[in-house]
Amino acid sequence: MKAFLVEKYGGPAGMRAAEVLDPQVGAEDVLVEIRAASVNPLDIKLRDGAFKSFLPYRLPLVLGNDLAGKVVRVGPSVTRFAVGDEVYARPDKDRIGTFAERLAVHQNDLAPKPATLTMAEAASLPLVALTAWQALVERARVRPGQKVLVHAGSGGLGSIAVQLAKALGAHVATTVSTAKVDLVKDLGADVVVDYRTQDFEEILDGYDVVLDSLGGDNLARSLRVLKPGGMAISVAGPPDPAFARELGVNPVLRLAMTVLSSKTRRQAKRLGVTYSFLFMKASGDQLRELTPLIDAGKIRPVVDGVFPFDETLQAMEYVEKGRVKAGKVVVSMT
């Protein structure tokens with residue numbers, strides 16, 4: 001089958017299209033004929049080797065972290081799916097590879113595709129929807145009436161997190177550029193800060209939760225808009241000791257993560273708030289919980305564009321060069 005491989009870390013030159021063997025299907029695996037996959041910033045970072053210290057993939061590696069498709073074979077112990085089912089998933093971090101014609105996915109990481117969505121729309125959701133769910137529901141436990149700030153509300157993660165926070169009953173603020181103001185208002189944002197002309201620190205105060213996807217100074221400033229006891233969750237900030245324990249990394253790497261996050265954690269402690277790093281996990285059950293919200297129209301995908309599968313490398317370049325106007329970029333096999 002055809003797939004897009006990372007042969008060496010370091011940039012676009014290390015990735016190419018190739019013919020590879022069909023996946024092996026384990027007892028609890030579901031073989032999915034992939035109809036669409038989406039491109040995430042995570043794919044760029046993995047291609048460049050940014051996470052190789054704690055995600056030691058063996059090269060060559062088939063890239064890709066989201067899929068929608070149809071079941072073509074099931075392992076002998078599979079009970080949740082049958083041949084012909086339409087599904088979507090973010091495969092487990094150790095079994096990525098959605099930039100391919102087929103992929104074997106553990107049944108626990110799959111969910112039935114939302115009936116109201118096309119394959120391309122469904123493929124845009126799993127990674128960002130699970131990230132939003134794990135941040136806002138699982139970790140922050142957002143409740144009705146709380147105040148939530150979602151940075152970059154027109155992006156892949158932000159556009160879904162704004163809608164999920166609103167569905168949870170929160171008062172939602174977000175930051176976007178001037179051109180995206182109307183989009184995020186349509187997604188449900190109550191307060192929109194145009195970062196080109198406004199400083200969110202001067203406008204926002206007393207927030208319960210901040211979801212940060214930018215890191216750096218943006219994260220440091222975000223801590224200051226939280227009320228005492230509030231929580232900042234970042235997918236772009238420094239990994240913290242809790243993440244190191246969860247990942248089970250060696251003592252040297254655990255110490256490095258502790259040091260990297262120490263400044264942010266000290267700042268949070270001085271302000272009476274908490275900082276938490278999030279690296280999302282695959283979960284078919286959580287996708288099943290999200291699907292009713294999607295089919296009810298409370299969460300809708302935002303798709304910037306769809307590239308043919310043969311142009312996967314061009315789709316990655318489009319994302320890497322910042323050409324995405326809003327939401328996600330998808331590659332389609334049909």
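For the structure itself, look to the data block above.
First things first, this report covers the structure right here in the doc.

When we look at burial in helix α1 (residues 41-48), the residues that qualify are L42, D43, I44, L46 and R47. Contacts from the buried residues of α1 go to β1 (2-6), β2 (15-19), β3 (29-39), α3 (126-139) and α11 (312-320). Among the residues trailing α1, G49 stands out with phi positive, at a value near 85°.

A few words now on the environment of G75. Mapped onto the fold, G75 is located in the loop between β5 (67-74) and β6 (86-89). Exposure remark for G75: the relative accessible area of 5% places this residue in the buried category. In this structure, the C-alpha to C-alpha distance between G75 and G26, residues 49 residues apart in sequence, is 5.8 Å.

With respect to the helices and strands, D208 occurs in strand β12 (residues 207-212). Here the alpha-carbon distance between D208 and G188, two residues 20 residues apart in the chain, equals 18 Å. The residues touching D208, leaving out its near neighbours within four places in the chain, are Q146, K147, L226, K227, G230 and M231. At a separation of 2.8 Å, a polar atom in the side chain of D208 contacts the side chain of K227.

Evaluation of the coordinates by the stated rule reveals 19 salt bridges. Among the salt bridges present, the one from D29 reaches R95, with a minimum N-O distance of 2.8 Å. Here D29 is found in strand β3, whereas its partner R95 is found in the loop between β6 and β7 (102-106), with 66 residues between them in sequence. On the basis of relative accessibility, which here comes to 30%, the residue R95 falls in the partly exposed class. When salt bridges with common partners are traced through the structure, they connect D199, E201, R221 and R224 into a single cluster.

By the secondary structure assignment, S276 is in strand β14 (residues 274-277). On the basis of relative accessibility, which here comes to 12%, the residue S276 falls in the buried class. Side-chain polar atoms of S276 contact the side chain of R139, separated by 2.6 Å. What S276 contacts, discounting residues up to four positions off in sequence, is R139, A232, I233, S234 and D240.

Moving on to the layout of surface pockets. Quantified by volume, the largest pocket comes out at close to 1,100 Å³. As for the largest pocket, its lining consists of 44 residues, and the residues nearest its centre are P41, G155, G156, L157 and S213. For the lining of the largest pocket, a count of residues per class yields 22 nonpolar, 15 polar and seven charged. Size it by volume and the second largest pocket reaches roughly 390 Å³. The wall of the second largest pocket is formed by 18 residues, among which P23, V62, R95, I96 and L103 lie closest to the centre. Elements with a contribution of two residues or more to the lining of the second largest pocket: β4 (61-62) and β7. Per element, the largest residue contribution to the lining of the second largest pocket is three residues, and it comes from β7. A per-class count over the lining of the second largest pocket returns twelve nonpolar, two polar and four charged.

About the thresholds
- Residues numbered from 1 in each chain as written.
- Predicted model: local features only at pLDDT ≥ 70, side-chain atom pairs only at ≥ 80, totals over all residues.
- Heavy atoms only, no water.
- Buried < 20%, exposed > 50% of the residue type's maximum accessible area, 1.4 Å probe, protein only.
- Helix = DSSP H or I, 4+ residues; strand = E, 2+ residues; numbered from the N terminus.
- Contact = heavy atoms within 4.5 Å.
- Polar contact = N/O pair within 3.5 Å; in protein donor to acceptor, adjacent residues only side chain to side chain.
- Salt bridge = Lys/Arg side-chain N within 4 Å of Asp/Glu carboxyl O.
- 1 Å grid on protein atoms, 1.4 Å probe; cavity = no way out; pocket = protein on both sides within 12 Å on 5 of 7 lines; lining within 4 Å.
- Points joined across faces, edges and corners; volume = space filled by probe spheres on them.
- Nonpolar A, V, L, I, M, F, W, Y, C, P; charged D, E, K, R; others polar.

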